[in-house]
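Here's the letter readout for the chains.
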Amino acid sequence: MTEPLILTEIHGDGARRTALIRINRPKQLNALNDALMVEMGQALIGFDRDDSIGCIVITGNEKAFAAGADIAAMAKYDYMHVHQTEYITRNWETLLQVRKPVIAAVAGFALGGGCELAMMCDFIIAADNAKFGQPEIKLGIIPGAGGTQRLPRAVGKAKTMDLVLTGRMMDVQEAERSGLVSRVVPADKLLEEALAAAAAICAYSGPSLALAKACVNKAFEGGLRDGIDHERRIFHSLFATEDQKEGMDAFLNKRAPRFRQR
Ligand code: DAK
């Protein structure tokens with residue numbers, strides 16, 4: 001029997017729980033291939049539509065989050081194949097359609113497409129053994145799933161050029177210093193910390209979370225004036241929700257809010 005390419009679990013016991021997706025190609029250091037990305041995309045869309053799920057965590061194992069796109073598969077591709085199959089674009093970016101918060105819990109290698117996948121998540125919690133890099137230059141290619149665009153927005157031009165042009169890896173301290181990861185935790189506490197962050201998120205209003213995420217992405221992806229205008233429109237619209245009434249009433253009455261996700 002072949003091993004499943006991803007494993008999924010549900011965690012938590014509140015009204016909204018956390019979906020955990022584990023990348024599962026340990027022998028290949030979780031190298032990403034088309035079939036795996038299709039399965040992950042289906043799981044992501046399913047969890048995004050499931051009202052009982054409030055947050056999604058993507059992780060690998062202690063040795064690798066993902067050591068990149070599968071070089072053995074890619075070695076055979078030619079220009080016409082990647083062009084005509086819309087390699088990457090067709091099915092690797094489903095994550096970007098997900099409206100719920102997605103956390104990357106990264107231990108070990110997050111290289112090439114693995115680093116790009118982690119950067120497509122909303123934030124990265126990293127184990128103290130995590131290593132990040134875009135080593136595609138060593139293979140005669142360049143990052144192809146957003147690495148040359150998202151990495152400079154996260155860590156700036158100088159460090160991106162250093163990583164992309166030399167192909168070197170950066171350790172987790174450098175990654176945290178430069179703003180790629182939100183927090184560093186001991187490797188044996190990675191999942192616990194990521195699930196605790198996800199549980200905190202699950203307790204909040206889903207519509208507010210989705211709109212907060214959309215606003216931050218607007219800042220990340222666009223200009224300041226457009227971003228501020230967008231944020232203001234979204235902010236106004238939240239006064240139409242029951243969760244805003246509930247959240248503020250709960251605060252004023254010194255009680256815990258009971259968000260109804262509407
Ligand atoms: N693909 C396939 N197999 C991989 C792999 C990968 N990316 N990374 C590791 N493996 C396999 C190794 O071949 C080895 O298999 P066996 O020999 O045991 O059969 C096994 O995993 C263990 O690896 P090592 O023996 O090498 O383990 P070490 O601890 O010694 O070294 C390492 C770990 C992570 C430093 C090393 O494995 C390594 O350098 N791996 C390659 C990392 C890399 O170059 N990643 C970037 C891949 S390129 C595109 C869009 C996106 C992309 C491409 C195109 N278009 C839009 C067209 C993305 C490209 C990439 O991600």
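Before reading on, note that the structure itself is shown above.
Reading guide: rules and limits
Residues numbered from 1 in each chain as written. Predicted model: local features only at pLDDT ≥ 70, side-chain atom pairs only at ≥ 80, totals over all residues. Heavy atoms only, no water. Axes fitted to C-alpha atoms, helices over the stretch in contact; angles between N-to-C directions. Helix = DSSP H or I, 4+ residues; strand = E, 2+ residues; numbered from the N terminus. Parallel < 35°, antiparallel > 145°, perpendicular 65-115°, else oblique. Contact = heavy atoms within 4.5 Å. Expected span 1.5 Å × (residues − 1). Buried < 20%, exposed > 50% of the residue type's maximum accessible area, 1.4 Å probe, protein only. Arc of directions from axis to C-beta. Salt bridge = Lys/Arg side-chain N within 4 Å of Asp/Glu carboxyl O. Pairing = 2+ DSSP bridges.

**Student:** Could you give an account of the packing of helix 9 (residues 206-221) against helix 10 (residues 224-237), with specific residues and numbers?
**Tutor:** As a packed pair, helix 9 and helix 10 sit with axes 9 Å apart at the nearest point and diverge in direction by 170°. Compared by their axis directions, helix 9 and helix 10 come out roughly antiparallel. The segment helix 9 lies against helix 10, with Leu211, Ala214, Cys215 and Lys218 engaging Asp226, Gly227, His230, Glu231, Ile234 and Ser237.

**Student:** Summarise helix 8 (residues 190-202); cite the residues concerned and give the values.
**Tutor:** Between its terminal C-alpha atoms helix 8 stretches 18 Å, which fits the 18 Å expected from 13 residues at 1.5 Å a residue. If you check which residues of helix 8 are buried, you get Leu190, Ala194, Leu195, Ala197, Ala198, Ile201 and Cys202. Angular distribution of buried residues about the axis of helix 8 spans 160°; they occupy a single face of the element.

**Student:** Account for the pattern of salt bridges, naming residues and giving values.
**Tutor:** Counted according to the given criterion, the structure contains 13 salt bridges. Between Arg168 and Asp162 there is a salt bridge, with its nearest N and O atoms 3.0 Å apart. Put simply, Arg225 and Asp229 hold a salt bridge, and the shortest N to O gap is 3.1 Å. Placement of the pair is Arg225 and Asp229 together in helix 10, with a separation of 4 residues, close to one helical turn. A relative accessible area of 32% means that Asp229 is categorised as partly exposed. Where salt bridges share partners, they join Lys159, Asp162, Arg168 and Glu174 into one cluster.

**Student:** Pulling in residues and values, what's your account of the sheet that holds strand 8 (residues 131-133)?
**Tutor:** In spatial order, the strands read 4-6-8-9; together these 4 strands make up an open sheet with mixed pairing. The open sheet is flanked by strand 4 (64-66) and strand 9 (169-171), the only strands paired with a single partner. Strand-to-strand twist of the sheet, defined as the mean angle between neighbouring strand axes without regard to direction, takes the value 20°. When strand 6 (residues 109-111) meets strand 8, the two strands line up parallel, connected through 3 bridges. Residue pairing for strand 8: Leu111 is matched across the bridge by Gly133. Sitting on the sheet, helix 4 (residues 113-120) is in contact with strand 4, strand 6 and strand 8, with an inclination near 90° to strand 6.

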